[in-house]
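# Understanding the architecture of this molecule
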Amino acid sequence: RDKLLSNYEVLEHIHDIKRRQKRSASKHRSIQRTENLETILLELQGYLKGTPAAKQTPENIRKFLQEISAYELEKAEKLQLLNVAPGSEAALHSLIEECDQRFTGEERQHMVTLVSQFLKPEIQSQQT
Amino acid sequence: MFVLSKFSDLVRIEPSKFSKSTEEALEDEINAKYANKVVQDVGLCLCLFDILEVGDGLIRHGDGSAYINTVFRLIVFRPFVGEVLVGWISSCSEEGIRVRMDFFDDIFIPKENLFEGCIFVPSEQAWVWRTEHDLYLDTNEKIRFKVEQEIFTDQSPQGPKNILAEEGNNGDENAQQQMLLQGGSVQNIAPPYSLVVSCQTYGMGLVTWWD
């Protein structure tokens, strides 16, 4: 029934919808009907732009996933790494269960480096 | 945070929309029906992702619209238990903190789920985490939290017999007025989908504390 989606994929999809809407703007679309959709799309876009997903690209994500597959991580954990892009080991702790027991300090540091390399949260400056 | 859920539904297309292509018409109808709505035990539906199967359109007696059996996938907002999310503090009370995200408002942190050493300051209506420094949890601050529990409340209208028997009734105005008169701070109208979250471990709390 369920397939997990990363924030990036959802953002891509929203852009897609907007593009298609622009293309068919000439056709008459009843205004009331799409009000719900417009609201939710606007809110979603606003939210996702403030997350690391706004700056990710498919190649970066693919490379990141390739590198991180060296470590044993659950699918949900990899997804969280993508969505949250932790900047420190402490943040890693909250995302990955039993981080201390499963990975050594070096491995954890390496994971943080990989995150900042491929999923750079440059948005930090815009948020403040 | 987001999942794809498969839905199967009978979609009705009015004759005025026959000029559009089938996929477009279906997409519009589905989006109109499901966007920004909560489906019990599934989550908050956002928008259509794709259409998997389309049946033949049938037309009923006395109604010119086409009814089409469709199987499609929707993007649904449904964080899993244990997921870490970011939101904004919308209000603080003695019971806990309300958090909102741009598209979803019903997130609550009960006071038990806050850091140890957190105290509520009534004069400022804010929570403070007393460690070596005094860390304030102010409104409109970005906060990171972990999902503990999701609550789905059935919103279908209740029959008249059930009014007096139940407390937290959704549908009946009389019961709600009674509750208001009692002056409780209880929320009469339970949201269809709400999250109980916690803010207790490493990396949780205001984003500015950890970054």
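Every value quoted in this text rests on a predicted model; they were computed, and no experiment measured them. (Residues numbered from 1 in each chain as written. Chains lettered and ligands numbered in written order. Predicted model: local features only at pLDDT ≥ 70, side-chain atom pairs only at ≥ 80, totals over all residues. Heavy atoms only, no water.)

The next thing to look at is the overall build of chain B. Looking only at helices and strands, chain B features four helices and 13 strands. Looking at chain B as a whole, 45% of its 211 residues qualify as buried. Long-range pairs, those at least 24 residues apart, make up 64% of the contacts in chain B between residues at least 6 apart in sequence. Total accessible area on chain B is roughly 11,100 Å²; 49% of this is exposed by carbon and sulfur atoms. (Helix = DSSP H or I, 4+ residues; strand = E, 2+ residues; numbered from the N terminus. Buried < 20%, exposed > 50% of the residue type's maximum accessible area, 1.4 Å probe, protein only. Contact = heavy atoms within 4.5 Å. Areas by Shrake-Rupley, 256 points an atom, 1.4 Å probe, with all protein chains shown as cover.)

This paragraph deals with the pairing of strand S8 (residues 118-121) of chain B. Note: S8 of chain B against strand S9 (residues 126-130) of chain B, four bridges, orientation antiparallel. Among the inter-strand pairings, Cys 118 of chain B is bridged to a residue of S9 of chain B, identified as Trp 129 of chain B. (Pairing = 2+ DSSP bridges.)

It is worth spelling out the interface of chain B and chain A at this point. Counting residues at the interface gives 38 residues for chain B, matched by 33 residues for chain A. Carbon and sulfur atoms supply 57% of the area buried between chain B and chain A, which totals about 3,500 Å² over both sides. Arg 20 of chain A is the partner of Glu 27 of chain B in a salt bridge, and the nearest nitrogen-oxygen pair spans 3.2 Å. Between the two partners, chain B and chain A, sit six residue pairs in polar contact (both at pLDDT 80 or more). (Buried area = accessible area lost by both parts, 1.4 Å probe. Salt bridge = Lys/Arg side-chain N within 4 Å of Asp/Glu carboxyl O. Polar contact = N/O pair within 3.5 Å; in protein donor to acceptor, adjacent residues only side chain to side chain.)

Residue and element names in this part refer to chain B. The terminal C-alpha atoms of helix H1 (residues 22-34) lie 18 Å apart, and with 13 residues this matches the ideal 18 Å at 1.5 Å per residue to within 8%. With 10 of its 13 residues buried, H1 lies for the most part within the structure. Looking only at H1, the buried set comprises Glu 24, Ala 25, Leu 26, Glu 27, Asp 28, Glu 29, Ile 30, Asn 31, Ala 32 and Tyr 34. Directly after H1, the chain includes Asn 36, whose backbone phi takes a positive value near 60°. (Expected span 1.5 Å × (residues − 1).)

Here the focus is the confidence of the model for chain A. Put simply, chain A has an average pLDDT of 76, and 84% of its residues get 70 or more. The model gives residues 123-128 of chain A a pLDDT under 50, and that stretch makes nine contacts with residues more than four places away or in other chains. (pLDDT = per-residue confidence, 0-100.)

Glancing now at helix H3 (residues 58-68) of chain A. Residue and element names in this part refer to chain A. All of the buried residues in H3 are Ile 61, Phe 64 and Ile 68. Along the long axis of H3, the arc covered by the buried residues comes to 65°, so they all point the same way. Seen from the open side of H3, the exposed residues pointing more than 90 degrees away from its buried face are Arg 62 and Gln 66. Looking at the buried side of H3, the elements it contacts are helix H1 (7-23), helix H4 (75-84) and helix H7 (105-118). (Arc of directions from axis to C-beta.)

It is worth spelling out the nonpolar core at this point. By size, the foremost hydrophobic cluster in this structure holds 73 residues, and its most contacted members are Phe 64 of chain A together with Phe 2, Phe 77, Ile 97, Met 101, Phe 103 and Ile 143 of chain B. The element contributing the most residues to this core is helix H2 (residues 35-49) of chain A, with six residues. Ile 30, Leu 48, Leu 74 and Val 76 of chain B belong to the second largest nonpolar core, which has 15 residues in total. (Core = buried A, V, L, I, M, F, W, Y, C linked by side-chain atoms within 4.5 Å.)

With that settled, the discussion passes to the environment of Glu 12 of chain A. Residue and element names in this part refer to chain A. As for its placement among the helices and strands, Glu 12 is situated in helix H1. On the basis of relative accessibility, which here comes to 35%, the residue Glu 12 falls in the partly exposed class. As a C-alpha pair, Glu 12 and Ala 53 span 41 residues in sequence and 9.7 Å in three-dimensional space.

Residue and element names in this part refer to chain B. Taken together, three strands build an open sheet; the order of strands is S8-S9-S10 and the sheet is antiparallel. Because the sheet does not close on itself, it has two edges, and the strands there are S8 and strand S10 (134-137). The sheet shows a mean angle of 30° between the axes of neighbouring strands, direction not considered. Two strands pair when backbone bridges link them, and S9 and S10 are joined in this way by four bridges, in the antiparallel orientation. Bridge assignment links Arg 130 to a residue of S10, and that residue is Asp 134. (Axes fitted to C-alpha atoms, helices over the stretch in contact; angles between N-to-C directions.)

To continue, consider the pattern of salt bridges. All names here are of chain B. Under the criterion given, the structure shown has 10 salt bridges over all chains. For Arg 73, the salt bridge identified is with Asp 50, shortest N-O distance 2.8 Å. One end of the pair, Arg 73, is in strand S4 (residues 66-77); the other, Asp 50, is in strand S3 (residues 43-59), with 23 residues separating them in the sequence. With a relative accessible area of 22%, Arg 73 lands in the partly exposed category. With a relative accessible area of 22%, Asp 50 lands in the partly exposed category. For Glu 150, the salt bridge identified is with Arg 78, shortest N-O distance 2.7 Å.

Our focus in this paragraph is the environment of Glu 89 of chain A. Residue and element names in this part refer to chain A. Topologically, Glu 89 is positioned in helix H5 (residues 89-95). Under the relative-accessibility criterion, Glu 89 is labelled partly exposed at 27%. Sequence separation between Glu 89 and Tyr 71 is 18 residues; the distance between their C-alpha atoms is 15 Å. Beyond its immediate sequence surroundings of up to four residues, Glu 89 is in contact with Gly 105, Arg 108, Gln 109 and Val 112.

Take the packing of aromatic side chains next. All names here are of chain B. Per the counting criterion, the structure on display carries 13 aromatic pairs over all chains. With 4.5 Å between their ring centres and 10° between their planes, Phe 152 and Tyr 193 make a pair best called stacked. Taken together, the residues span a long stretch of sequence, with Phe 152 in strand S11 (residues 142-152) and Tyr 193 in strand S12 (residues 193-198) at a distance of 41 residues. Just as Phe 152 is buried, Tyr 193 falls in that class too. When the ring centre of Tyr 67 is taken as origin, the NZ or CZ atom of Arg 60, which lies over that ring, is 5.4 Å away. (Phe/Tyr/Trp six-rings, centres within 6.5 Å; stacked < 30°, edge-to-face > 60°. Lys NZ or Arg CZ within 6 Å of the ring centre and 35° of its normal.)

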